[in-house]
Structures are given as C-alpha cells and as structure tokens.
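Descriptive analysis of the structure
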Amino acid sequence: MARNIVDKVKAQGQSYCQVLNETGELLWEVTRTNLQGSYDSRIMVKPMYEDCSKSKSGKPEWHPSQPYLIVECSLPKAMHGQNMYGVIADLPQACENLRTLLQQLLGVELPHTGKWTVQRVDWSENFRLPYQAVQEFFEGIYHVAFPRRKMQKYSNEAIFVPGTTTTIKLYHKGPEFERNDRKRLYVVLRGMYQQNRAKDAPPDWAHRQASRKVAALQRLANGRLRAEVEVHAEKLDYDFGHKPKVHEITTAYLEGVFDKEIARLLREGRDGVQIVRTSLAVRDRLEAHYALELAGRLHGFWLGLATHGEDDMKTRSTRPTFYRRRKQLVDVGVSWLATDRQLIERQGQTLPADFSPVRADPRRCTSLVRERPAFDYQRGLLQLAA
C-alpha cells in the first residue's frame, strides 16, 4: 500500500515501544489501531513496515518491506455485533463489506479485497441443543483424543485442540457469551437507546431495553454448541502453494477443512452412516457387519474405549491391533463418545443419542441474519430470536 495511507492509519493508533535508555536506541515498536466497529466490536488494524521470512536455518527473520496493513476481527461481530446466529458463508463478499466499514472508520481508501492475502481464517458452526444437553455432550466426550496434539479440556464447557496447521475448539456458547460479550453489548446498547430515548420515557428506559435485548441473546447462547476450526497460515500456504488471496478461499474449501478436522477429532464414521453409541445398539451393529467372534472382541474393545479412553486402551494392546480395531468400529458407524457407559442416566436426559457436531446434523444452525441491523432500537429482537 502507499506509505501515506499506512502512515495515516498509524497516526490514528497507539504505539508501544522499548527503548534502551543508556543509548536511546529503539529496540522495538508496535502500533495498533483498535477500531470500534459494529456495536463496539473491536477491529484490530496493525500498520506494518517490515515482513517476516524464514532464513536458511528455518528461523524467522524480519526485514524492511513495502508498507502494508494487518486486519484482524470477527466478521460476524463486525457486521452484526454478535456471532450466535446468522451464517456468513461467502468470505469474499464478507471481506468486501468489511472493507467498506474500514474505509468509513479509518477515512482512507483501501485496495479491493481481491488483493488481500489471508493469514488465518476460522470456520464455525452452531448447533441448537438444550442447555443441559450441551453439558451432557462435554461430559460424554471426556475421553476424546487427537493424534499428536495435546488436548485441553475445561470441565463441561469446552475442548481446545491447538496445532500448527489448525486449531479445533468446541465450546458452550452460553458461558462464553456471559464472560466475554454480555457486558460489552449491554453498555453499547444502553448508550444507543439513551441517544434515542423519547423525552417522556422513564429514566431507566434505556437500561431496561438494553437488559431485555442482552437477556434474549443470553437465552439464545445458552442453547448453542459451537464448533470452530482455525486454519493457520502454514496450512493455507501448503494447500494453495502460495499465500492465498481472499477470492481463492472458497466456501467448499473451508467446509472441507472443517469436516476433515472434526472427523479426525471425533472419528465417527463415513458420511451417511447413522452413528450408534449405546451398548445394545453397538452390539447389534457389530454383529450385523462382522462374524460373531470378531463382533464380541470389538464390543469388548468398544467398552474399554467408552469407559477408559483411547490412551488407556493403547497400553493394553499392540499398536497395529489398536488401530485396526478402532478403524473397524469407525467403518460401521460405531462411536465411543457420549455413550451410555459414560453418561450418568438422568430422568429426562436431553442429549439426543444421534447428535454429532458435524454439518450433516439436523440441529446445525443455517439461518441468515436479516439485512437490517439486529440491534436497531426500532425492531424487536425477541421476535427475531424466536
């Protein structure tokens, strides 16, 4: 980009630096421009005057380059103020909308997004489940494992699987919204209602209206299980053979990465195969596809997986045997996650036996956000949420 445009963006931000007092030498300096986007959803814009490349030894090295900008934000939050409902499936169009918003906020002309390169992109899916069902889901997948990655589990609320090429996150949106977004949205909405308050309105009108809207969003979030796959620069560069532009990242590509990574995590069979996860259903499925003797051995292996997890079962059999038997279970649609061997039976248990956080699940959310802003004080969010 032209240096004068990047300089103008830099002038609107804040710089953080480290100076060696003895000599006055500037050791490093970082400038960030945090913009207030839609409903105060923060958009980070970072002016850059140097680029990073790998040396012969493989270590990253910084060197001067032509000026450019790094933009990082949540597209749903920037466009709609929230990411609990509403599908953004067209990345190029969403980035064009973001460019229009950035030009308004920064007061500069930005190049068309066809010239933007992508360093990271997240694909997320929401699933409608009762609050208790989401809790039961995380209780049931306690033994889930991912090859060659360290799993991070947070009680019955979230699973985090970091990696160099992708990162997988499964979490209950309700508690996450209450911790991170609820207070921010309340403050923004209260200010918006206060600006549009009628002269004869009660003094607490703005507070009541904002609280009502945020409470509706909280109820919506309480019934959402969210699955996210972050696609990092290493995978993008490898898959495309170069740093891809925005228009090269298609919906089909992102859905393919999401499906593959979730399948690697859950290992729940081929597309179109109905998943079974209760003891009697697993026994019947195995006996329908394998000889009785093999089906009995596989059922015992399944009981071990469901009760003690994959790591424990790896120590109790040879490596070839473990992976062969696990594949035999996957091939016929048998799951060892969220089974009746793990969940404590409750009266009115709410987790559907056939649920899986995959795009083919009928509980996947697919509705679009309407064109008018969801938080417009003139419209009813409760009707929208319904």
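Cut-offs applied
- Residues numbered from 1 in each chain as written.
- Predicted model: local features only at pLDDT ≥ 70, side-chain atom pairs only at ≥ 80, totals over all residues.
- Heavy atoms only, no water.
- Buried < 20%, exposed > 50% of the residue type's maximum accessible area, 1.4 Å probe, protein only.
- Helix = DSSP H or I, 4+ residues; strand = E, 2+ residues; numbered from the N terminus.
- Arc of directions from axis to C-beta.
- Axes fitted to C-alpha atoms, helices over the stretch in contact; angles between N-to-C directions.
- Left-handed = near helix turned anticlockwise from the far one by under 90°.
- Contact = heavy atoms within 4.5 Å.
- Nonpolar A, V, L, I, M, F, W, Y, C, P; charged D, E, K, R; others polar.
- Phe/Tyr/Trp six-rings, centres within 6.5 Å; stacked < 30°, edge-to-face > 60°.
- Pairing = 2+ DSSP bridges.
- pLDDT = per-residue confidence, 0-100.
- Patch = residues over 30% accessible without salt bridge, like charges linked within 9 Å, V, L, I, M, F, W, Y side chains within 5 Å.
- Areas by Shrake-Rupley, 256 points an atom, 1.4 Å probe, with all protein chains shown as cover.
- Salt bridge = Lys/Arg side-chain N within 4 Å of Asp/Glu carboxyl O.

A few points about helix α10 (residues 279-289)
Every buried residue of α10 is listed here: S279, V282, R285 and L286. An end-on view of α10 places all buried positions within 130° of arc, on one side of the element. Of the exposed residues in α10, the ones pointing more than 90 degrees away from its buried face are L280 and A288.

Some points on the packing of helix α5 (residues 173-180) against helix α7 (residues 205-222)
Following both chains from N to C, one finds α5 and α7 inclined at 145°, their axes separated by 7 Å at the closest point. Crossing hand, α5 versus α7: right-handed. Where α5 abuts α7, its residues K173, G174, F177 and E178 lie against V214, L217, Q218, A221 and N222. Of the residues assigned to the contact of α5 with α7, the class counts are four nonpolar, three polar and two charged.

A closer look at the packing of aromatic side chains
By the definition in use, this model includes seven aromatic pairs. With 5.6 Å between their ring centres and 80° between their planes, F137 and F355 make a pair best called edge-to-face. One end of the pair, F137, is in helix α4 (residues 131-140); the other, F355, is in the loop between α13 (319-331) and α14 (381-385), with 218 residues separating them in the sequence. The burial state of F137 is the same as that of F355; both residues are buried. An aromatic cluster is present here, built from F127, F137, F138 and F355 joined pairwise through their rings.

Some remarks on the sheet that holds strand β8 (residues 166-172)
The sheet built from five strands is open, its strands ordered β5-β9-β8-β7-β6 with antiparallel pairing. Strands at the two margins of the open sheet, each flanked by one partner only, are β5 (121-128) and β6 (152-154). Sheet twist, expressed as the average angle between the axes of neighbouring strands with direction ignored, equals 10°. Against the sheet, α4 makes contact with β7 (158-161), β8 and β9 (224-231), and its axis sits at roughly 135° relative to β8, the strand it touches most.

Some words on the packing of α10 against helix α11 (residues 292-308)
Put simply, α10 and α11 touch, their axes get as near as 9 Å, and they point 145° apart. Considering how the two elements wind past one another, α10 and α11 form a crossing that is right-handed. Between α10 and α11, the residues in contact are S279, V282, R283, L286 and E287 and L292, A295, L298, H299, W302 and L303, respectively. Looking at side-chain class alone, the contact of α10 with α11 contains seven nonpolar, two polar and two charged residues.

Regarding the pairing of β8
A large share of β8 lies buried, amounting to six of its seven residues. Across four bridges, the pairing between β7 and β8 is antiparallel. Note that in β8 the partner of V161 across the bridge is I168. The hairpin formed by β7 and β8 contains four residues between the paired strands. Alignment of β8 against β9, held across seven bridges, turns out to be antiparallel. Considered in β9, the bridge of Y171 is made with R226.

Observations concerning the pairing of β7
Of the pairings in the sheet, the one linking β6 to β7 comprises three bridges and is antiparallel in character. Its bridge partner being in β7, K153 is matched across the sheet by I159. The hairpin turn running from β6 into β7, its antiparallel successor, is three residues long, and S155 in that turn takes a positive phi close to 50°.

Here we look at the side chain of T113
For T113, the location among the structural elements is in the loop between α3 (91-106) and β5. When residues no more than four places from it in sequence are discounted, the contact partners of T113 are P92, C95, E96, R99 and V246.

Thoughts on the sheet that holds strand β1 (residues 14-20)
With respect to topology, four strands assemble into an open sheet ordered β1-β2-β3-β4, the strand pairing being antiparallel. Where the open sheet ends on each side, the last strands, each with one partner, are β1 and β4 (60-72). On average, each strand axis in the sheet is tilted by 25° relative to the strand beside it, whichever way the strands run. Of the strand pairs in this sheet, β1 and strand β2 (residues 25-36) are connected by seven bridges, and their pairing is antiparallel. Residue pairing for β2: C17 is matched across the bridge by E29.

A few points about the confidence of the model for the protein chain
The pLDDT averaged across the protein chain works out to 84; a share of 89% of its residues lies at or above 70. Across residues 344-348 the pLDDT falls below 50, and counting only partners more than four positions away or on other chains, this stretch makes five contacts in the model. Confidence drops under pLDDT 50 across residues 374-386; counting only partners more than four residues distant or on other chains, this segment forms 35 contacts.

Points about a nonpolar patch on the surface
Residues Y16, L20, L27 and W28 make up a contiguous nonpolar surface patch of about 390 Å² in total accessible area. Secondary structure elements with two or more residues in the nonpolar patch: β1 and β2. For W28, the position within the fold is in strand β2.

Quick look at the pattern of salt bridges
As a working rule, side chains carrying opposite charge can pair if their charged atoms are close by. All chains considered together, the criterion is met by 24 salt bridges. Across the salt bridge formed by R120 and D122, the nearest N and O atoms sit 2.8 Å from each other. A relative accessible area of 41% means that R120 is categorised as partly exposed. As a salt-bridge pair, E230 and R120 come within 3.1 Å of each other at their nearest N and O atoms. Within this pair, whereas E230 is found in strand β9, its partner R120 is found in the loop between α3 and β5, the two being separated by 110 residues in sequence.

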